[in-house]
Amino acid sequence: MDTRTFTTQLTNHPEQICEVFDHLDEGIVWLDEQFRISGFNQTYLHLLGFNEFEPLIGRPFNDLLQQMHDNGELIEQAEQENYIADSLRRMQNRERWQLTRVRPNGTVLKVNCRPLASGGYVFTYTDISGESRAFEELRRNAKATVVAFANFSEHRDTDTGAHVLRVARLVGETARLLQRRGFFPEILDDAYIDQVATASILHDVGKIATPDRILFKAGPLDTNERNTMRQHAADGARMLTQASLLMDNSRYLALGAEIALTHHEWYDGNGYPNGLAGEEIPLSGRLCALADVFDALTSRRPYKAPWKILQAIEQIRNLSGTQFDPVVVDAFLEVAEGRNKVKLVEWHPKMSVGNTHIDEQHQILIDTINQLANAEIQNDRAIVAMIIDELINYTVFHFQYEEDLIAAAGYPDLEQHRRIHQGFVRWIRQVREEFTYRTRYQLGSEILGYLRDWLRNHILGEDQLYRPFIHEEENA
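Numbering of residues starts from 1 in each chain and follows the order in which that chain's sequence is written. Only residues with pLDDT of 70 or above have their local features reported here, since the model is predicted, and side-chain atom pairs are shown and tallied only from 80 upward, although totals for entire chains, interfaces and linings are computed over all residues. Note that the side-chain values use all heavy atoms of the structure and ignore hydrogens as well as water.

1. Focus on the overall build of the protein
Under the scheme used here, helices are H or I runs from DSSP no shorter than 4 residues and strands are E runs no shorter than 2 residues, and both carry numbers assigned from the N terminus. Secondary structure assignment for the protein yields 19 helices and 5 strands. Each principal axis of the C-alpha distribution contributes one length, and for the protein these read about 90 × 55 × 40 Å. A burial count over the protein gives 48% of its 476 residues as buried. Contacts are residue-level and defined by heavy atoms, with any inter-residue pair within 4.5 Å sufficient. Summarising the internal contacts of the protein: among those between residues at least 6 apart in sequence, 61% fall at separations of at least 24. Relative accessible area decides the class of each residue, using a 1.4 Å probe on protein chains only: under 20% of the type maximum gives buried, over 50% gives exposed, and in between gives partly exposed.

So this is what it looks like as structure tokens:
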């Protein structure tokens, strides 16, 4: 049967055509040559949330888009002020295009836009929520596997898991800014940015083989100790390469091996283990090198106190062109300097509980919440998601550290304190679930306000109750 015969048969059965269209899983709307709505099926009404009796026929499609925008429907395009104008331009140019958008109820729609020979357009909408959720679960599982792998080497650290997640976020933020500026276009697509940020979590996995006496030595290392320490780069790369092959060439593990091997190389060639210079160092290694040093400088270590942020930023600036790629440094500095434009909570001496480690952990939590507010204002979902993961990880670590401390101090209300902690963890995990699966597209002022008030009130209230029970020896 040729196309003309098939078309003639359809024309002879208009009621059946309507019935077929209304039973399709895909929503369909078609426009005339003036881009006015000529027809649609019932699935379109259902997927887009329109009332069955709402008049659509004859309406300009752009008016419909504007109505949807005003109703908060075009949330994926919230940052694209010219989205409607761009759609009109594409239609006038007779372009074919595809996009993914998410409704406020979390439904993920794939939209195909195709010109018609008659001069109009047809849009098809497919619900891909199930596929999207399955992909997100795979992605989360892959990240969880990477974090667990990294924690084998980080388990001796004072803030287990927090360092690697902070490094991952700095790598992701810097890479995203480089992409927006047009640098490294042959490398920096969205998939790579996601992969390199997650893979950077594995940068120090080789330290699992480094002896504690070297890893935690308070003073400078001698030549033999320094050489032993430097072996972690090659050790980590070897472990991750083997794991990648066993896991069917996992992109995360392959990039992790690349980063492990090269994140101590210097831009001027004076790094290790291979003395690479300039663009001989893969971009992944150049990104992680900078993020790793910055976070190490601003974190407490067994052998040093944390640096102030501005002091660390100045050190990074001074090392541009020697240890670090100047292009990466410029982007990183913009990221670092812009992280605290908004401050939901500010540390005050009256928040101190009389324990250096707890006070520093509280300041990290405050800083993390402030950075979450900054990412929310920038409407950067990827970074918001990373900060939520970071917040949950560090909160769990901090709560356990605090509970162990006050248990050893004989605090009588430990169980009540623990229940408060558990309630907060359940709440923030629920927020992450809603955000991850897009039933909550943005955190919003209510969530951020709750975070601000809970943390401030908890530190100034419940945490101050155990202060009299902490003895001086716990402060060492």
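2. Focus on the pattern of salt bridges
One speaks of a salt bridge when a side-chain nitrogen belonging to Lys or Arg is within 4 Å of a carboxyl oxygen belonging to Asp or Glu. Summed over the entire model, instances satisfying the criterion amount to 22 salt bridges. Residues Asp 86 and Arg 89 are paired through a salt bridge, measuring 2.6 Å at the closest nitrogen-oxygen approach. Of the two residues, Asp 86 and Arg 89 both sit in helix 5 (residues 83-92), 3 residues apart, roughly one turn of that helix. Relative accessible area serves as the criterion here: at 27%, Asp 86 is assigned to the partly exposed category. Residue Glu 415 pairs with Arg 418 through a salt bridge whose shortest N-O separation is 2.5 Å. Here Glu 415 and its partner Arg 418 are both found in helix 17 (residues 414-436), 3 residues apart, which amounts to about one turn of the helix. Here the salt bridges share partners, and the residues they tie into one network are Asp 86, Arg 89, Arg 90 and Glu 95.

3. Let's talk about the packing of aromatic side chains
Put simply, two rings from Phe, Tyr or Trp (the six-membered ring, in Trp's case) pair if the centres are within 6.5 Å, and we call them stacked under 30 degrees between planes, edge-to-face over 60, tilted for the rest. One pass over the structure, following the stated rule, counts 19 aromatic pairs. With a centroid separation of 6.3 Å and 45° between ring planes, the pair formed by Phe 183 and Phe 184 is classed as tilted. On the basis of relative accessibility, which here comes to 34%, the residue Phe 183 falls in the partly exposed class. Centroid distance Phe 399 to Trp 454: 6.2 Å. Interplanar angle 55°. Geometry classified as tilted. With Phe 399 in helix 16 (residues 381-408) and Trp 454 in helix 18 (residues 444-460), the pair connects residues that are 55 residues apart, well separated along the chain. According to the relative accessible area criterion, Phe 399 is buried, its value standing at 5%. Take Trp 454: its relative accessible area is 15%, and that puts it in the buried class. Through a chain of ring-to-ring contacts, the aromatic side chains of Phe 35, Phe 61, Trp 97, Tyr 121 and Phe 123 assemble into a single cluster. Seen from the ring of Phe 435, Arg 381 lies directly overhead, with NZ or CZ sitting 4.1 Å from the centre. When the NZ atom of lysine or the CZ atom of arginine is within 6 Å of a ring's centre and also within 35 degrees of its normal, the charge is said to sit over that ring.

4. What to know about the sheet that holds strand 2 (residues 37-40)
Whether parallel or antiparallel, the strands of a sheet pair through hydrogen bonds between backbone atoms. The strand order across the open sheet formed by 5 strands is 2-1-5-4-3, and the pairing between neighbours is antiparallel. Edge strands, defined here as strands with exactly one partner in the open sheet, are strand 2 and strand 3 (97-102). Along the sheet, successive strands turn relative to each other by an average axial angle of 20°, direction set aside. One requirement defines pairing of two strands: DSSP has to find at least two bridges between them. One ladder, built from 5 bridges, connects strand 1 (residues 27-31) with strand 5 (residues 121-127); its direction is antiparallel. Residue pairing across strands places Ile 28 opposite Thr 124, the latter belonging to strand 5. Where helices are involved, their axes are fitted lines through C-alpha atoms of the stretch in contact, as for all axes, and angles between N-to-C directions lie from 0 to 180°.

5. Some remarks on the pairing of strand 1
If a strand is regular, its side chains alternate between the two faces of the sheet. When you tally the buried positions in strand 1, you get 4 out of 5 residues, the bulk of the element. Summarising the sheet, strand 1 and strand 2 pair through 3 bridges and their orientation is antiparallel. By the bridge assignment, Leu 31 is partnered in strand 2 with Ile 37. The hairpin turn running from strand 1 into strand 2, its antiparallel successor, is 5 residues long, and Phe 35 in that turn takes a positive phi close to 60°.

6. Looking at the environment of Ile 201
Note on placement: Ile 201 falls in the loop between helix 8 (190-199) and helix 9 (212-215). Taking the C-alpha atoms as reference points, Ile 201 and Val 147, 54 residues apart in sequence, are found 6.6 Å from one another.

7. Describing the packing of helix 12 (residues 283-297) against helix 14 (residues 326-337)
Orientation of helix 12 relative to helix 14, taken along the N-to-C sense of each, is 40°, at an axis distance of 11 Å. If you check the angle between helix 12 and helix 14, you find them oblique. Relative to helix 14, helix 12 is oriented so that their crossing is right-handed. On the side of helix 12, the interface is formed by Leu 283, Arg 286, Leu 287, Leu 290 and Phe 294, while helix 14 contributes Val 328, Val 329, Phe 332 and Ala 336. Just so you know the grouping, Ala, Val, Leu, Ile, Met, Phe, Trp, Tyr, Cys and Pro go in nonpolar, Asp, Glu, Lys and Arg go in charged, and all remaining residues, Gly too, go in polar. Broken down by class, the residue content of the contact of helix 12 with helix 14 amounts to 8 nonpolar, no polar and 1 charged. Angles are sorted into four bins: roughly parallel if under 35 degrees, roughly antiparallel if over 145, roughly perpendicular if 65 to 115, and oblique for all others. Here a crossing is called left-handed whenever its near helix is offset anticlockwise from the far helix by less than a right angle, and right-handed whenever the offset is clockwise.

8. Observations regarding unusual backbone geometry
With an omega of 10°, the peptide bond running from Tyr 272 to Pro 273 counts as cis. In this structure, Pro 273 sits in the loop between helix 11 (251-262) and helix 12. Backbone geometry places Phe 35, a non-glycine residue, at a positive phi of 60°. The residue Phe 35 is located in the loop between strand 1 and strand 2 in this model. With a phi angle near 60°, Arg 94 is a residue other than glycine that sits in the positive phi range. Inspection of the secondary structure puts Arg 94 in the loop between helix 5 and strand 3.

9. Re the nonpolar core
The nonpolar core is taken to be a set of buried Ala, Val, Leu, Ile, Met, Phe, Trp, Tyr and Cys residues, with the residues joined through side-chain atoms within 4.5 Å. Grouped together as the largest cluster of nonpolar side chains are 48 residues, with contacts concentrated most on Ile 201, Leu 372 and Leu 443. Among the secondary structure elements, those contributing two or more residues to this core are helix 6 (129-154), helix 7 (162-180), helix 10 (223-246), helix 11, helix 15 (356-377), helix 16, helix 17 and helix 18. The element best represented in this core is helix 16, accounting for 10 residues. Ala 175, Phe 184, Leu 319 and Leu 333 belong to the second largest nonpolar core, which has 34 residues in total.

10. Focus on the packing of helix 7 against helix 16
At a minimum axis separation of 9 Å, helix 7 and helix 16 run at an interaxial angle of 170°. Taken together, the axis directions place helix 7 and helix 16 in an arrangement best described as roughly antiparallel. Contacts between helix 7 and helix 16 involve Ala 162, Leu 165, Arg 166, Ala 168, Arg 169, Gly 172, Glu 173 and Arg 176 on the former and, on the latter, Ala 382, Ile 383, Met 386, Ile 387, Asp 389, Glu 390, Asn 393 and Tyr 394. Of the residues in the contact of helix 7 with helix 16, the class split is 8 nonpolar, 2 polar and 6 charged.

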